[in-house]
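# Reading the structure
Read off the chains here:
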Amino acid sequence: AYSASKAALTQVARVAALEWGADKIRINLVHPNAVFDTGIWTPEVLAQRAAHYGMSVDDYKRNNVLHEEVTSRDVAELIAEMCGALFAKITGAQVPIDGGIRLTGKLTEFSPKSKKIHVEVKTSLIPYVVSDRKHDRSGLEVVRNYENAL
């Protein structure tokens with residue numbers, strides 16, 4: 001339900017940007033992820049999730065490409081900046097603020113003989129485990145596993 005509702009919101013924003021652009025109304029989206037200084041993330045929940053991945057809480061909070069914790073203040077500052085002159089000529093943008101977590105992925109298997117590639121991506125955007133099997137143009141089977149990191 002979370003992924004579907006987020007996709008719907010994204011599409012509504014894209015249509016609004018198209019329809020209201022002529023009136024100089026800008027529609028941009030911010031996609032925060034792994035913002036741990038909110039009421040949702042209690043110390044107990046953080047400790048449990050960090051332990052599940054064999055990390056300290058501090059490492060868990062910084063488990064992204066930049067190794068930086070993203071705070072609610074960071075998100076608020078980005079939103080305020082998007083209302084100003086720097087973004088005055090931008091509409092329809094989707095800006096992630098997540099330390100690069102959407103870029104992470106780990107190749108866990110590559111077997112040219114069996115024509116199989118396995119990539120594991122851990123993200124809090126997908127609230128369940130799913131395997132996606134596809135064949136690329138060369139006949140390689142590409143398997144992606146997505147595991148919720150919440």
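So, how was this worked out
- Residues numbered from 1 in each chain as written.
- Predicted model: local features only at pLDDT ≥ 70, side-chain atom pairs only at ≥ 80, totals over all residues.
- Heavy atoms only, no water.
- Helix = DSSP H or I, 4+ residues; strand = E, 2+ residues; numbered from the N terminus.
- Buried < 20%, exposed > 50% of the residue type's maximum accessible area, 1.4 Å probe, protein only.
- Contact = heavy atoms within 4.5 Å.
- Areas by Shrake-Rupley, 256 points an atom, 1.4 Å probe, with all protein chains shown as cover.
- Pairing = 2+ DSSP bridges.
- pLDDT = per-residue confidence, 0-100.
- Salt bridge = Lys/Arg side-chain N within 4 Å of Asp/Glu carboxyl O.

Here we come to the overall build of the chain. When helices and strands are counted, the chain shows four helices and six strands. The buried share among the 150 residues of the chain stands at 29%. Look at the contacts in the chain between residues 6 or more apart in sequence, and 58% of them connect residues 24 or more apart. Of the roughly 9,800 Å² of accessible surface on the chain, 59% is carried by carbon and sulfur atoms.

With that out of the way, let us pick up the pairing of strand S1 (residues 29–32). Side chains of S1 alternate between two faces, with Leu 29 and His 31 buried and Val 30 and Pro 32 left unburied. In terms of strand pairing, S1 meets strand S2 (residues 94–97) through four bridges, oriented parallel. Bridge pairing in S2 places Leu 29 opposite Gln 94.

The next thing to look at is unusual backbone geometry. The backbone of Lys 24 shows a phi angle near 65°, a positive value even though the residue is not glycine. Secondary-structure assignment places Lys 24 in the loop between helix H1 (2–20) and S1. Phi at His 67 is positive, roughly 55°, even though this residue is not glycine. Tracing the backbone through its elements, the reader meets His 67 in the loop between helix H3 (57–61) and helix H4 (72–82). Its relative accessible area of 55% is what places His 67 among the exposed residues.

Taken residue by residue, the chain gives an average pLDDT of 76. The fraction at 70 or more is 67%. Predicted confidence is poor over residues 106–112, with pLDDT under 50, and the contacts of this stretch with residues over four places away or in other chains come to 14 contacts. Note that residues 115–119 has pLDDT below 50 and, in this model, 29 contacts with residues that lie over four places away or in other chains.

Taken as a whole and judged by the stated rule, the model has four salt bridges. Residue Arg 62 is joined to Asp 58 by a salt bridge in which the shortest nitrogen-to-oxygen separation is 3.5 Å. Given the relative accessible area of 29%, Arg 62 is considered partly exposed. Judged by relative accessible area, Asp 58 falls into the partly exposed class, the value being 41%.

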